[in-house]
Amino acid sequence: AAANSSITLDRMTPQKKITVIIADDHTLVRRGLVSLLSLNNDIEVIAEVGDGRVAVEIALEKRPDVVMMDLSMPNLSGFEAIRQIKKRAPTVKILVLSAYDNEEYVLETVLNGADGYMLKNTSPDELNNAIKTVASGGTYYSASVAKIAEEARSALSSSPDGPAARIADRLTEREREILQLIAEARTHQQIAEILHISVRTVDTHRHNIIQKLGLHDTASLVTYAIKNGIVILHR
């Protein structure tokens, strides 16, 4: 009987856990989510990050099942992080966890490829369900944003070239990165160090951004970045 029992146990294969990276610029929020998700035997948090640029790097390195992404992130916004992860690792699922329920932000995340959008006032059970749903290939949205998201997804599927007309798409990936850093009041020297490029290259990109957007000074660049979700002000 003991031998049979041993054979049965050997044949049992443990269920693979859903691997998750948490990206949020608030340490207490990240730690709280880690503690919350650790109570679920089906989910394993493999990294937590507080910077949008690092979130992209870690996601590309570890290739988790799901990235839980806040939108308001330093150095690289959640919007741009979603865009870059989906471009380079389209199989990684992204679940936005945000305090913002405005239509523009929901639309932007859908257009950039996010698989779900949850508000931070959601219940632990619903968050667990959302993670499992997107990990299995579905989409999941908080009730208050579901209609907006589904309409955006429908429009995107019927006209995939539609987003190309957006104003933000006038800029290259690097130009959007630099615009966010300018809006965060970084100096050209700081931007050069963060992006590992020369100050002259930063100057060139800033000139190109101004030319493309028809703007004239730093103040108007900052205003544009805020209005278009390239940088998000905390509530």
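As a reminder, the structure under discussion sits directly above these lines.
These numbers were taken from a predicted model, which means no experiment stands behind them. (Residues numbered from 1 in each chain as written. Predicted model: local features only at pLDDT ≥ 70, side-chain atom pairs only at ≥ 80, totals over all residues. Heavy atoms only, no water.)

Undergrad: Which residues make up the environment of Pro64, and what values do they have?
TA: Mapped onto the elements, Pro64 comes out in the loop between α3 (52-62) and β3 (66-69). The sequence separation of Pro64 and Thr91 amounts to 27 residues, and the corresponding C-alpha distance is 9.2 Å. When sequence neighbours within four positions are dropped, the list of residues in contact with Pro64 reads Thr19, Val20, Ile21, Ile46, Ala59 and Val92. (Helix = DSSP H or I, 4+ residues; strand = E, 2+ residues; numbered from the N terminus. Contact = heavy atoms within 4.5 Å.)

Undergrad: Outline the environment of Tyr117, listing residues and values.
TA: Topologically, Tyr117 is positioned in strand β5 (residues 116-119). Along the primary structure Tyr117 and Met68 are separated by 49 residues, whereas in three dimensions their C-alpha atoms are 9.5 Å apart. With near-sequence residues (within four places) excluded, Tyr117 lies in contact with Leu71, Leu95, Val96, Ser98, Tyr100, Tyr105, Val106, Thr109, Tyr140, Tyr141, Ser142 and Val145. A distance of 2.5 Å separates a polar side-chain atom of Tyr117 from the backbone oxygen of Tyr100. (Polar contact = N/O pair within 3.5 Å; in protein donor to acceptor, adjacent residues only side chain to side chain.)

Undergrad: Can you tell me about the pairing of strand β4 (residues 93-98), naming the residues and giving the values?
TA: β4 sits mainly inside the fold: six of its six residues count as buried. Side chains of β4 alternate between two faces, with Lys93, Leu95 and Leu97 and Ile94, Val96 and Ser98 buried alike. Summarising the sheet, β3 and β4 pair through four bridges and their orientation is parallel. What sits directly across from Met68, in β4, is Leu95. Traced from β3 through helix α4 (residues 78-88) to β4, the parallel crossover comes out right-handed. In this structure, β4 lies alongside β5, joined through four bridges in parallel fashion. Considered in β5, the bridge of Ser98 is made with Leu119. Crossover handedness for the path β4 to helix α5 (residues 103-112) to β5: right-handed. (Buried < 20%, exposed > 50% of the residue type's maximum accessible area, 1.4 Å probe, protein only. Pairing = 2+ DSSP bridges. Right-handed = clockwise from strand over helix to strand, strands pointing away.)

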